[in-house]
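Coordinates in review
The lines below spell out each chain.
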Amino acid sequence: MLAKHCDSTAPIRLLDLGPGQSLGDTRQIGDRLYLTVGTLAPDPDSSPHAPFSERSTWSTGLCGESPVHLADDLISVFTVDRWPDVVLGCQDGAGIVSLDPEGAKPPHLL
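An account of the accompanying structure is given in this report.

What counts and how
Residues numbered from 1 in each chain as written. Predicted model: local features only at pLDDT ≥ 70, side-chain atom pairs only at ≥ 80, totals over all residues. Heavy atoms only, no water. Pairing = 2+ DSSP bridges. Helix = DSSP H or I, 4+ residues; strand = E, 2+ residues; numbered from the N terminus. Axes fitted to C-alpha atoms, helices over the stretch in contact; angles between N-to-C directions. Disulfide = S-S within 2.5 Å. Core = buried A, V, L, I, M, F, W, Y, C linked by side-chain atoms within 4.5 Å. Buried < 20%, exposed > 50% of the residue type's maximum accessible area, 1.4 Å probe, protein only. Contact = heavy atoms within 4.5 Å.

1. What about the sheet that holds strand S4 (residues 68-72)?
With antiparallel pairing, the 4 strands of this open sheet are ordered in space as S1-S2-S3-S4. Looking at strand neighbours, the two that pair on one side only are strand S1 (21-29) and S4, the edges of this open sheet. With direction set aside, neighbouring strand axes in the sheet form an average angle of 25°. The pairing of S1 with strand S2 (residues 32-39) spans 7 bridges and is antiparallel.

Right, here's the structure in full:
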């Protein structure tokens, strides 16, 4: 599958993570991947579904090219049938926002 999209049969790095960061949700919308990264609490008894702190959401090409920081504190990224070309996010403490896939504009509260 990688060879088909990325001209590689070896693993590829989609996004460099900082120390202590983990990858959360990854979703493909159109020709971009939307990746949420964050920090997990260092609690050995925490659930594997424990919420991240210090969340940030990034967009990359399908092979990790052109990474763009889109927003912080997004809980999820999604689309709706009514506006399939509009990338939406649920931003903690704000509500539903639209996202600029190129990262040129900040999230827009709807």
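What follows continues from the structure just given.
2. A look at the state of the cysteines
Following the criterion strictly, the structure yields 1 disulfide and no others. Here cysteine 6 is linked by a disulfide to cysteine 63, with a sulfur-sulfur distance of 1.9 Å. Its S-S torsion of about -95° marks the bond between cysteine 6 and cysteine 63 as left-handed, since a negative value means left-handed. Placement of the pair is cysteine 6 in helix H1 (residues 2-6) and cysteine 63 in the loop between strand S3 (53-61) and S4, with a sequence separation of 57 residues.

3. Quick look at the pairing of strand S7 (residues 95-99)
Bridge count between strand S6 (residues 83-91) and S7: 5 bridges; the pairing is antiparallel. Residue pairing in the sheet places cysteine 90 in a bridge with isoleucine 96 of S7.

4. What about the sheet that holds S7?
Here we have 4 strands laid out as an open sheet, ordered S5-S6-S7-S8, and antiparallel in their pairing. Strands with a single pairing partner mark the edges of an open sheet, and in this sheet they are strand S5 (74-80) and strand S8 (108-109).

5. Some remarks on the nonpolar core
Ile29, Tyr34, Val68, Leu70, Ala71, Leu74, Val77, Val87, Val97 and Leu99 together form the largest nonpolar core, which totals 10 residues. Of all the elements in the fold, those that place two or more residues in this core are S4, S5 and S7. Here this core gets 3 residues from one element, more than from any other, and that element is S4. Ignoring any residue separated from it by four or fewer positions in sequence, one finds isoleucine 29 in contact with Tyr34, Val77, Phe78, Thr79 and Val87.

6. Quick look at the environment of leucine 99
Locating leucine 99 in the fold gives a position in strand S7. Residue leucine 99 is classed as buried on the basis of its relative accessible area of 8%. Not counting chain neighbours up to four residues away, the residues in contact with leucine 99 comprise Leu70, Ala71, Leu74, Val77, Val87, Leu88, Gly89 and Pro107.

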